[in-house]
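# Descriptive analysis of the structure
Letter by letter, the chains look like this.
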Amino acid sequence: GKYTSEVGAELEGLEVLGDANAKIIDMLQDKGMFVHQHSFAHKYPHDWRTKKPVIIRTTKQWFTDLRSLIPKAIDKLEDVEMI
């Protein structure tokens with residue numbers, strides 16, 4: 001996956017698991033916020049079909065409880081005519 005404009009122009013379009021890492025390190029160093037770098041093997045979850053890493057992106061979400069609509073939906077299904 002690639003970073004979008006939401007993270008800023010400096011990272012937009014860079015691969016999350018690729019070029020972006022070096023850029024992020026550079027950005028932290030430029031701001032005097034970089035503490036330490038160490039390489040280690042990190043396992044990402046992978047999609048079982050494509051075998052590609054799954055990147056989890058947090059987004060604002062909302063949910064609604066639809067259980068109260070179940071009886072009405074079942075009632076309406078009785079009016080459906082299959083042709």
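No experiment lies behind these values; they were computed from the predicted model shown.

On to the environment of Leu 11, then. Within the element layout of this structure, Leu 11 appears in the segment before helix H1 (19-30). On a C-alpha basis, the gap between Leu 11 and Met 33 in space is 17 Å, while along the polypeptide they are 22 residues apart. With near-sequence residues (within four places) excluded, Leu 11 lies in contact with Tyr 3, Ala 20, Lys 23, Ile 24 and Met 27.

Looking now at unusual backbone geometry. The backbone of Lys 51 sits at a positive phi, close to 65 degrees, despite the residue not being glycine. Relative to the helices and strands, Lys 51 resides in the loop between H1 and helix H2 (70-77). Judged by its relative accessible area of 57%, Lys 51 is exposed.

Tallied over the full model, the rule gives 2 salt bridges. Lys 23 is the salt-bridge partner of Glu 10, the closest N and O atoms lying 3.8 Å from each other. Within this pair, whereas Glu 10 is found in the segment before H1, its partner Lys 23 is found in helix H1, the two being separated by 13 residues in sequence. The exposure class assigned to Glu 10 is partly exposed, which follows from its relative accessible area of 49%. The shortest N-O distance in the salt bridge between Asp 65 and Arg 67 comes to 2.8 Å. Taking the relative accessible area as the measure of exposure, Arg 67 reaches 62% and is therefore exposed.

The rules behind each value
- Residues numbered from 1 in each chain as written.
- Predicted model: local features only at pLDDT ≥ 70, side-chain atom pairs only at ≥ 80, totals over all residues.
- Heavy atoms only, no water.
- Helix = DSSP H or I, 4+ residues; strand = E, 2+ residues; numbered from the N terminus.
- Contact = heavy atoms within 4.5 Å.
- Buried < 20%, exposed > 50% of the residue type's maximum accessible area, 1.4 Å probe, protein only.
- Salt bridge = Lys/Arg side-chain N within 4 Å of Asp/Glu carboxyl O.

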